[in-house]
Amino acid sequence: MTICLCIAGKLLSAGNLSDRNNKFTEKKLNLIQEWDKTFPENDKVRHSKVTFHNRYGITLAADLYIPKNAEGKLPAIAISGPFGAVKEQSSGLYAQTLAERGFLTIAFDPSYTGESGGEPRYVASPDINTEDFSAAVDYLANRDDVDTDRIGILGICGWGGMALNAAAIDTRIKATVTVTMYDMSRVNANGYNDIMDADARYELRKQLNTQRTEDYRNGSYALAGGVIEPLPDDAPQFVKEYYDYYKTERGYHKRSLNSNDGWNKTSSLSFINMPILSYSDEIRSAVLMIHGEKAHSRYFSEDAFKKLKGDNKGLLIIPGANHVDLYDNLQVIPFDKIEQFFNNNLK
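Residues numbered from 1 in each chain as written. Predicted model: local features only at pLDDT ≥ 70, side-chain atom pairs only at ≥ 80, totals over all residues. Heavy atoms only, no water.

The protein chain has the name Alpha/beta hydrolase in an unreviewed UniProt entry, where Bacteroides zhangwenhongii is given as its organism.

Next comes the structure, spelled out in structure tokens:
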């Protein structure tokens with residue numbers, strides 16, 4: 001018989017107290033070693049593959065970028081996004097570029113996607129995906145070449161919202177950048193521009209829960225589909241912009257959900273009832289939010305910024321830029337501003 005004691009919020013098993021000292025084990029992942037990114041390799045940066053685990057036991061895969069000839073302990077940045085992308089796309093470009101500018105960086109695949117572990121595949125979760133950022137901080141804080149007091153994060157698109165949520169809960173994060181941010185809870189619960197009411201949400205819940213029944217019966221999870229193809233002539237402009245990135249040579253990747261068959265259909269359920277930015281007003285560390293002037297999603301950043309408090313928060317609107325421009329357009333992405341922000345706040 002095993003007796004469990006709850007002491008100061010910790011669950012201890014009297015039958016096996018030594019379990020708390022056991023090392024975590026990470027599931028072995030089959031990582032592609034050759035360069036398969038959507039952007040060219042930078043000869044000023046050393047690249048390698050690494051893995052780490054989150055507190056749900058999921059092993060995450062990441063690309064590590066270190067400036068060549070770097071010495072001592074470096075400031076570090078964990079990067080992920082866009083929502084439905086993989087680390088070989090936009091987040092990797094950001095990571096490599098910031099490494100060239102003196103930071104140790106990782107671009108990671110979130111749980112259940114890309115080269116990272118987790119079953120079933122292609123599930124999104126407001127809790128687990130926020131945890132993925134904190135797990136990346138766990139990993140960086142335990143590297144000998146990282147200054148543990150100088151760790152930041154950067155989230156693109158849907159992972160911008162996850163980054164803000166992580167900054168609200170994880171005090172080890174000293175600076176946060178969001179780029180072309182989506183609030184995934186808000187868009188799933190309310191639709192674009194908040195056009196859904198309670199009745200529309202109820203109908204959406206009915207549809208998604210019917211899908212749950214079908215998935216269980218079929219023993220597999222139906223996928224929602226990535227960016228639509230072929231592209232209809234009357235597609236909204238922002239859908240055309242997504243197509244131009246995810247479905248063309250510019251940004252297509254074989255492991256990208258948006259480039260292929262998308263998330264499983266029921267992933268939206270958890271976001272509807274779990275608003276991820278509830279405590280963003282309690283973020284004390286520095287935040288820089290970046291969005292394009294012409295982006296359909298601009299209101300997400302502007303509204304989220306209004307909730308932030310303190311004189312260490314900033315909103316930067318890029319003139320003429322749309323949502324996808326900030327994925328990979330080096331003429332538009334304000335890397336000088338991002339570098340300055342991290343240098344000023346990771347010290």
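A word on the overall build of the protein chain. Looking only at helices and strands, the protein chain features ten helices and ten strands. Scaling as 2.2 N^0.38, a compact globule of 347 residues should have a C-alpha radius of gyration of about 20 Å, and the protein chain matches this with 20 Å. C-alpha extents for the protein chain along the principal axes are approximately 65 × 55 × 45 Å. Long-range pairs, those at least 24 residues apart, make up 72% of the contacts in the protein chain with a sequence separation of at least 6. (Helix = DSSP H or I, 4+ residues; strand = E, 2+ residues; numbered from the N terminus. Rg over C-alpha atoms; globule rule 2.2 N^0.38 Å. Contact = heavy atoms within 4.5 Å.)

Now for the side chain of Glu131. In this structure, Glu131 sits in helix H2 (residues 126-141). A polar side-chain atom of Glu131 sits 2.8 Å from the main-chain amide nitrogen of Arg55. (Polar contact = N/O pair within 3.5 Å; in protein donor to acceptor, adjacent residues only side chain to side chain.)

So, on to the UniProt feature "domain: Xaa-Pro dipeptidyl-peptidase-like" (unreviewed entry) in the protein chain. In the numbering used here, UniProt assigns the feature "domain: Xaa-Pro dipeptidyl-peptidase-like" (unreviewed entry) to residues 57-323. Split by type, residues 57-323 is 35% helix and 19% strand. Its first and last C-alpha atoms lie 34 Å apart. (UniProt positions renumbered as here; feature names shortened; annotations may be inferred.)

Residues Tyr94, Leu154, Ile338 and Phe342 are the most contacted members of the largest nonpolar core, which totals 89 residues. By residue number, the principal contributor to this core is H2, which donates seven residues. Those residues in contact with Ile338 that lie beyond four places of it in its chain are Tyr94, Leu98, Leu154, Val177, Ile290 and Ile333. (Core = buried A, V, L, I, M, F, W, Y, C linked by side-chain atoms within 4.5 Å. Buried < 20%, exposed > 50% of the residue type's maximum accessible area, 1.4 Å probe, protein only.)

Let us now look at the confidence of the model for the protein chain. Mean pLDDT over the protein chain: 93, with 93% of residues reaching 70 or higher. Of the regions scoring below 50 in pLDDT, residues 1-22 engages in 14 contacts with residues more than four places distant in sequence or in other chains. (pLDDT = per-residue confidence, 0-100.)

This part covers the layout of surface pockets. In this structure, the largest pocket spans a volume of roughly 950 Å³. If you go around the largest pocket, you meet 31 residues; those closest to its centre are Phe83, Met184, Tyr192, Gly225 and Trp263. Secondary-structure elements contributing two or more residues to the lining of the largest pocket are helix H4 (184-190), helix H5 (198-218), helix H6 (237-246) and helix H7 (268-273). The biggest single contributor to the lining of the largest pocket is H6, with four residues. Residues belonging to the lining of the largest pocket are distributed by class as follows: 20 nonpolar, ten polar and one charged. (1 Å grid on protein atoms, 1.4 Å probe; cavity = no way out; pocket = protein on both sides within 12 Å on 5 of 7 lines; lining within 4 Å. Points joined across faces, edges and corners; volume = space filled by probe spheres on them. Nonpolar A, V, L, I, M, F, W, Y, C, P; charged D, E, K, R; others polar.)

So, about the pattern of salt bridges. Tallied over the full model, the rule gives 23 salt bridges. A salt bridge links Lys44 to Glu100, with the nearest nitrogen and oxygen atoms 3.6 Å apart. With Lys44 in the loop between strand E2 (10-13) and strand E3 (45-53) and Glu100 in helix H1 (residues 90-100), the pair connects residues that are 56 residues apart, well separated along the chain. For Glu339, the salt bridge identified is with Arg101, shortest N-O distance 2.6 Å. With Glu339 in helix H10 (residues 335-345) and Arg101 in the loop between H1 and strand E6 (104-108), the pair connects residues that are 238 residues apart, well separated along the chain. (Salt bridge = Lys/Arg side-chain N within 4 Å of Asp/Glu carboxyl O.)

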